[in-house]
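# Report on the structure
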Amino acid sequence: MPADFDDEIPELIEHDDVATEVKRVPLTIICGFLGAGKSTLLKRILTEKHGYRIAVIMNEFGDTADIEAKAINISSPDDPNAEGSEEFLELANGCLCCSIKDSGIAAIEKLMEKKGAFDYIILETTGLADPGPIASMFWHNEEFPSGLGSDIALDGVVCVVDALFGQKQMEEEHGTDGLGIGESLRQIAGSDVIVLNKVDLVTADQLSSTEALIKRINPISPIHRTVKGEIELHHILDLNAYAKPPELHETSSTTNASHIHTADCDHPTDGPVKSTHYELRGISSLQVSCPVLTKAQLNSLDAWLRDVLWDNHIPEQTATSGSPAELNVLRCKGAFTTEDGVHHVLQAVRNIYEISELDAAQSLGIPDIGKIVLIGKGLDEPVRRSLEKVLTQ
Ligand SMILES: Nc1nc2c(ncn2[C@@H]2O[C@H](COP(=O)(O)OP(=O)(O)OP(=O)(O)O)[C@@H](O)[C@H]2O)c(=O)[nH]1
């Protein structure tokens, strides 16, 4: 030991954020069309050596009304389903399989008691589930500061689409939600990644046609083609889809877009347009490029989003003055910059939205001109013009 050892000034160890920040377990929701291959994909995850320690919660998590009710009573000791309804199975590849009957939330609470035994959660929903309410429940923001929201961070929503029957399902399915939006369209609209499975059963033409249809409904989420769910896990896990800026560059700017009418489209054919507008059962996407915003414009955008997402109308129309036919946004993503140079990310699932600032490291390489994409029903020209007005005046 050197003589001057005791005189050495100890180095200061910073442990502020590291010590206090609680690491949330990422959660991926897997939804998908009936029979599309969700269980096949999960079976693969549960049996292959991939190095992840994933807790997979299988099935029965699809009745959203039930989930919403349980979310309210999240820690109620009186919940009759809270105990004894789930089974855990530790698997050879380090994963944990949790099969649940009908108490999704209770099972996740139980699962979190095993925290440390896994570092990722995958939740499979039933083929009829709308991922929107489930995603918003786990999406950590001010609305859910406690309970599961403090332990779990929603990483992304993955939709498995059947390459053989998917197109038919999307085109023919009629929803029973009063808006006529079928579950398959809700699933595609609400997903961050699409796994187009069973590509071995279709021709190249069928594949491109299904892909084109998916892209028209959801132009922002990547599509991966698979056979029996064979996919590199990094395409579906660790997406951080609700925190990092969406990759919006693939889609064309539609500031001057016109409007192509299809058989399903019931708008009048006014306007000098050529375009990217396409509707299926009233669902379409709307993309608007976003210039660098002043503080006032940012506030106006915030107010506009409240009108549209919370009250289902644009500011030009009051809720009672005949708003655009059933305006209903299922998903919204955006990235834009304010005049102080700060980059922002906009995320919305149904009526919950968040505008968050990126730090310098996260902002590297992101262009100043941004884009806002909405997916939902009733996204017609008046809505586009209304949003463009907010962003440019
Ligand atoms: N040919 C072919 N068959 C597949 C593929 N993926 C899955 N299957 C078969 O399709 C059937 C349905 O697959 P599942 O994984 O059970 O589908 P699922 O989405 O979990 O079904 P539900 O839970 O009933 O909605 C099974 O017989 C699978 O073996 C694929 O890529 N190609």
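Remember, it's a predicted structure, so these values are computed and weren't measured experimentally.

### Quick word on helix α12 (residues 381-392)
The terminal C-alpha atoms of α12 lie 16 Å apart, and with twelve residues this matches the ideal 16 Å at 1.5 Å per residue to within 8%. All of the buried residues in α12 are Val 383, Arg 384, Ser 386, Leu 387, Val 390 and Leu 391. Take α12 and look down its axis: the buried residues cluster within an arc of 165 degrees, on one side only. In this structure, the buried residues of α12 make contact with β9 (283-290), α10 (295-311) and β13 (370-377).

### Looking at the domain arrangement of the chain
Along its sequence, the chain is organised into domain 1 (17-235) and domain 2 (283-392). For the side of domain 1 that touches domain 2, the elements supplying multiple residues, two or more each, are α5 (131-138) and α8 (183-189). Counted by class, the side of domain 1 that touches domain 2 contains nine nonpolar, five polar and two charged residues.

### Some details on the sheet that holds strand β10 (residues 328-337)
Taken in spatial order, the five strands line up as β9-β13-β10-β11-β12 in an open sheet, and their pairing is antiparallel. Among the strands making up the open sheet, the edge pair consists of β9 and β12 (352-357). Each adjacent strand pair in this sheet contributes to an overall mean axis angle of 10 degrees, direction not counted. Along the sheet face, α10 touches β10, β11 (343-349) and β12 and points at about 160 degrees away from the line of β12.

### A few points about the environment of Val 342
Looking at the secondary structure, you find Val 342 in the loop between β10 and β11. Residues Val 342 and Ala 360, 18 residues apart in the sequence, show an inter-C-alpha distance of 8.2 Å. Dropping the residues within four chain positions of it, Val 342 is found in contact with Thr 337 and Glu 357.

### A few points about helix α2 (residues 38-47)
Listed as buried for α2 are Lys 38, Leu 41, Leu 42 and Ile 45. All buried residues of α2 project into a common sector of 95 degrees when viewed along the axis, lining one side. Where α2 is buried, its residues contact β1 (25-32), β2 (54-58), β5 (120-124), β6 (152-162) and β7 (193-197).

### Points about unusual backbone geometry
Where the residue is not glycine, phi is negative for most of them; where a peptide bond is considered, it is trans in most cases. One non-glycine residue, Lys 228, adopts positive backbone phi at about 50 degrees. Structurally, the position occupied by Lys 228 is in the loop between β8 (223-225) and β9. We classify Lys 228 as partly exposed; it has 14 C-beta atoms within 10 Å. With a phi close to 55 degrees, Asn 312 is a non-glycine residue in the positive phi region.

### A closer look at the UniProt feature "domain: CobW C-terminal" (unreviewed entry) in the chain
Under the feature "domain: CobW C-terminal" (unreviewed entry), the UniProt entry names residues 327-388. Annotated as 19% helix and 50% strand, the span residues 327-388 places its first and last C-alpha atoms 17 Å apart.

### Describing the packing of α10 against α12
One way to put it is that α10 packs onto α12 with a least axis distance of 8 Å and a crossing angle of 155 degrees. Considered as vectors, α10 and α12 are oriented roughly antiparallel to each other. Between α10 and α12, the residues in contact are Gln 297, Ser 300, Leu 301 and Trp 304 and Leu 387, Val 390 and Leu 391, respectively. When grouped by side-chain class, the residues that make up the contact of α10 with α12 number five nonpolar, two polar and no charged.

### Describing the confidence of the model for the chain
On average, residues of the chain score 74 in pLDDT, and 68% of them are at 70 or above. This stretch, residues 61-85, has a pLDDT under 50; its non-local contacts, to residues over four places away or in other chains, come to 40 contacts. Per-residue pLDDT stays below 50 along residues 249-275; that stretch engages in 38 contacts with residues further than four places along the chain or on separate chains. Across the interfaces of the predicted complex, the ipTM metric reaches 0.98, alongside a pTM of 0.73.

### Considerations on the environment of Ala 361
Along the polypeptide, Ala 361 turns up in helix α11 (residues 360-363). Overall, Ala 361 belongs to the exposed group, with 6 C-beta atoms counted inside 10 Å. Distance from Ala 361 to Leu 280, taken between C-alpha atoms, is 39 Å for residues 81 residues apart in sequence.

Here is what the cut-offs are and how they apply
Residues numbered from 1 in each chain as written. Predicted model: local features only at pLDDT ≥ 70, side-chain atom pairs only at ≥ 80, totals over all residues. Helix = DSSP H or I, 4+ residues; strand = E, 2+ residues; numbered from the N terminus. Expected span 1.5 Å × (residues − 1). Buried ≥ 20, exposed ≤ 12 C-beta atoms within 10 Å, placed from the backbone. Arc of directions from axis to C-beta. Contact = placed C-beta atoms within 7 Å. Domains from an automatic or database assignment. Nonpolar A, V, L, I, M, F, W, Y, C, P; charged D, E, K, R; others polar. Pairing = 2+ DSSP bridges. Axes fitted to C-alpha atoms, helices over the stretch in contact; angles between N-to-C directions. UniProt positions renumbered as here; feature names shortened; annotations may be inferred. Parallel < 35°, antiparallel > 145°, perpendicular 65-115°, else oblique. pLDDT = per-residue confidence, 0-100.

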